[in-house]
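# Structure at a glance
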Amino acid sequence: MTSLKEICRGLPLNPLPENRGRRKGIPHAPVRTPNLTAQEKKLALRNALRYFPPDIQKKLVLEFAEELRLYGHIYMYRFFPDIEMRAYPIEDYPCKSKSAAAIMLMIMNNLDPSVAQFPQELVTYGGNGQVFSNWAQFWLAMQYLSEMTEEQTLVMYSGHPLGLFPSHRYAPRLVITNGMVIPNYSSRDEYEKMFALGVTMYGQMTAGSYCYIGPQGIVHGTVLTVLNAGRRYLKAEDLSGKVFVTSGLGGMSGAQAKAAVIAGCVGIIAEVDEAALMKRYKQGWLMEISNNLDHCIARLRDARKNKIALSLGYHGNVVDLWERLAYELDTTGELLADLGSDQTSCHNPFSGGYYPVQLGFEEAKQLLSTNPGKFRTLVQESLRRHVAAINRLTDKGMFFWDYGNAFLLEAQRAGADVEKKGANKTEFRYPSYVQHIMGDIFSLGFGPFRWVCTSGDPQDLATTDSIAMSVLEDSIRRGVSTSVKQQYNDNIRWIREAGRHSLVVGSQARILYSDQRGRVSIAIAINRAIAEGRIKAPVVLSRDHHDVSGTDSPYRETSNIYDGSAFCADMAVQNFVGDAFRGATWVALHNGGGVGWGEVINGGFGLVLDGSTEAEERAKMMLSWDVSNGVARRCWSGNDYAYETICQAMKDNAALKVTLPQKVVDENILEQALKS
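Residues numbered from 1 in each chain as written. Predicted model: local features only at pLDDT ≥ 70, side-chain atom pairs only at ≥ 80, totals over all residues. Heavy atoms only, no water.

The test is simple: UniProt positions are given in the numbering used here, feature names are shortened, and annotations may be inferred rather than shown by experiment.
By the naming in an unreviewed UniProt entry, the protein goes by Urocanate hydratase and is assigned to Gallus gallus. Its UniProt record, at the heading Sequence similarities (unreviewed entry), says of the protein: "Belongs to the urocanase family." For the record of the protein, the UniProt heading Cofactor (unreviewed entry) holds the text "NAD(+)".

Following this line, the structure appears as structure tokens:
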């Protein structure tokens, strides 16, 4: 078994570790089909061998060629470390810098088998969200981090550690870019080739920025989405007896089962991959499982009638589930579903993110590797059936929303009936959850703030929970608007029940949808608790890239931007740059994430609180910008909530001055001007 000290010594070359190939008994990424030419295959091998001295290249090149042939990518399985991959307490990492040790902890958490979707292929979630492109990069990055001082910065190019560069103690210790491809070449097909060549990488959101915290990272947002969907569509505060139907139990989608129960409804979640389904069941995130639709329908009816909070995992294709619900409607007149969505990895539909209903899971995987063209045809046919069944149910009163996974976008491309007549190109027959449910929350400045206790001690996490709850309760006492108060009350409920729901998978982490005031106040309070010794070790602050300011995504995060700028990425890029010089410990900027490669620009950060006065000042400055940037942009686009929020922020901070939009009071002047 390899130790952390050995991990930090760099690539193990003398002797070479045994090549044990793909491990059995763990899930693996789908085979990729990059369609490389003979010359491109040589280039992929040459690029991979750059990490190794000439005397061992002849030995490695044969196995790298075999990986490329069998799996469509060179993962370097020989160098998969023989260590229990997990987030170790920060004191265990042999480092010169506490910030570097915190980053190492976060990297290892992203690759923890209990957290990662395909750990041997370095995929954390989403089917293709990479931490690194190959295992040589992991070893080099860990070595650099162990050697780093407070006057160096590690630069990462799409998984590749470019090196340690001299900087200064106020600069970020780590700067990450993933998938920064020239726009005209940022197509899905080009990506497959470039990833196979080892020159770019799809980091999803928090996979490639080392900030993933397991399915808890999305469960709070999913709870808020389901609760607010009930309020908006069903006019209900109490969701007991209401049925939510969806799909996906993977890295991100796995949160849906837990969220349904916390929200108090009946959740039926389809999953084709038995390994993913069993993983969530064993972790306690899924209450029951069944591969029998008759049983699922009977269980649904019983839970609905008796108002039992339930998460039931259906092992099968979600299209079969939707079509069965449509059949029940047609034969009995009974509408069994109230709310519906989808969390298949539809951002990656033709490479294993979506499996067609016409084939079983294993048969579909085989077809994907042998005949990707046929697989693509079946996926698009399946999407048309998928939508047809949903349309049948919504016509009778069910409410459906797109969960930002490119489901409606890919369904539209497949020819499914999702068009919204007279709408702009970011709108479909059904709304994005940002457009109807979460967009106003973003405009109020609320988003998925999170923290990780690097001691690894659950008691530290409990202390931070208590601190966060006290901060929110104090904010309510001091006075907030009605809309903000509702969010704070939802957050207090979330924190109060967090321990009971056993949300921790991997690192001792917590997510909390919070606004600017809440984030800054919680950060200050946690930092002071570290200084006082009430928390034993530093705490890493972060957030999902899916946030107020972090992501420009016209089919998700910015789908409720209607001034024509939804396809512009200034906000996410400015956020990355602004976080870097305002105190972030590390920053990341990605192409892709959520709805897919070429569809999104997004970024994130990590900020280490160590109890120092300097850490408090960094937190105040950086967290304020990290929220206000996006609120100001949403205000300028015409959102009333954002207008009110940024005006309040300017009152609170005289140094903040934002350009406010003037409304066109008389719309008739536009028509008159165009006629003249």
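Back to the text.
## Considerations on unusual backbone geometry
Quick reminder of the rule: Runs of H or I in DSSP of at least four residues are treated as helices and runs of E of at least two as strands, each being numbered from the N terminus.
Cis geometry marks the peptide bond from asparagine 14 to proline 15, where omega comes out at 5 degrees. Inspection of the secondary structure puts proline 15 in the loop between helix H1 (4-7) and helix H2 (38-49).

## A few points about the nonpolar core
Nonpolar side chains in soluble globular proteins generally cluster together in the buried interior. Here is the rule: To define a nonpolar core, start from buried Ala, Val, Leu, Ile, Met, Phe, Trp, Tyr and Cys residues and group those joined through side-chain atoms within 4.5 Å. Exposure categories follow from relative accessible area, calculated using a 1.4 Å probe and restricted to protein chains: below 20% of the type maximum is buried, above 50% is exposed, and the middle band is partly exposed. For this analysis, residues touch if any pair of their heavy atoms sits within 4.5 Å.
Counting 152 residues, the largest nonpolar core has Phe52, Ile107, Phe138, Tyr210 and Trp451 as its most contacted members. Broken down by element, this core gets its largest block of residues, 9 residues, from helix H4 (residues 98-110). Those residues in contact with isoleucine 107 that sit more than four places away from it in its chain are Val131, Phe132, Phe138, Met142, Leu145 and Tyr210. In this structure, Cys296, Leu335, Ala411 and Tyr555 belong to the second largest nonpolar core, which totals 55 residues.

## Re the pattern of salt bridges
How we decide: The rule for a salt bridge is simple: a side-chain nitrogen of Lys or Arg has to be within 4 Å of a carboxyl oxygen of Asp or Glu.
Counted by the stated rule, this structure contains 46 salt bridges. Its salt-bridge partner being glutamate 328, residue arginine 301 comes within 2.9 Å of it at the nearest N-O pair. Placement of the pair is arginine 301 in helix H10 (residues 293-306) and glutamate 328 in helix H11 (residues 318-332), with a sequence separation of 27 residues. Among the residues examined, arginine 301 registers a relative accessible area of 27% and is labelled partly exposed. Taking the shortest distance from any N to any O, the salt bridge between aspartate 579 and arginine 543 comes out at 3.9 Å. Separated by 36 residues along the polypeptide, aspartate 579 in helix H20 (residues 570-581) and arginine 543 in strand S14 (residues 539-543) bring together distant segments of the chain. Looking at aspartate 579, the relative accessible area reads 1%, which means it is buried.

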